[in-house]
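# What the coordinates show
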Amino acid sequence: MTEIFIAAFLMTLIGMAYVKGYDFVKLRSPEHLVHFYLIMATIRILLVSTIVALYAFFAANREDTIRFATIILILYAIMMVVTLKLRH
């Protein structure tokens, strides 16, 4: 249960960083929005991959790792849809 809250909190932070960064770049330098999006997409996927890998490394069993990875990937997909709907 703790994993769900940690994953949701992480995805919320990443999503908020994207939304705030998007507003910042759009206000100051809108021609760089494409670069910002590509950089944030890379950062998001690297963070998600790193978190799943670390959990897999430190988890007690395989079932917990699969459950956690599934939760993270579902939340990642939801975060992508929400941030794209909010800002595009």
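Here is a short report on the structure shown in this document. (Residues numbered from 1 in each chain as written. Predicted model: local features only at pLDDT ≥ 70, side-chain atom pairs only at ≥ 80, totals over all residues. Heavy atoms only, no water.)

### Observations regarding helix α1 (residues 2-28)
Since the α-helix advances by 3.6 residues per turn, residues separated by three or four positions end up pointing in the same direction. Its 27 residues give α1 an end-to-end C-alpha distance of 39 Å, which sits within 8% of 39 Å, the value for a rise of 1.5 Å per residue. Taken as a whole, α1 has its buried residues at Ala7, Leu10, Met11, Ile14, Gly15, Tyr18, Val19, Gly21, Tyr22 and Val25. (Helix = DSSP H or I, 4+ residues; strand = E, 2+ residues; numbered from the N terminus. Expected span 1.5 Å × (residues − 1). Buried < 20%, exposed > 50% of the residue type's maximum accessible area, 1.4 Å probe, protein only.)

### Quick notes on the side chain of Arg44
Checked against the element boundaries, Arg44 lands in helix α2 (residues 33-58). Apart from residues no more than four positions distant in its own chain, Arg44 is found in contact with Ile14, Tyr18, Tyr37, Tyr76, Met79, Met80 and Thr83. (Contact = heavy atoms within 4.5 Å.)

### Observations concerning the packing of α1 against α2
It is at 10 Å that the axes of α1 and α2 come closest, and there the two elements cross at 165°. In this view, α1 runs roughly antiparallel relative to α2, as classed from their interaxial angle. Handedness of the crossing formed by α1 with α2: right-handed. Contacts from Glu3, Leu10, Met11, Ile14, Ala17, Tyr18, Gly21, Tyr22, Val25 and Lys26 in α1 reach Leu33, Phe36, Tyr37, Met40, Arg44, Leu47, Val48, Ile51 and Tyr55 in α2. (Axes fitted to C-alpha atoms, helices over the stretch in contact; angles between N-to-C directions. Parallel < 35°, antiparallel > 145°, perpendicular 65-115°, else oblique. Left-handed = near helix turned anticlockwise from the far one by under 90°.)

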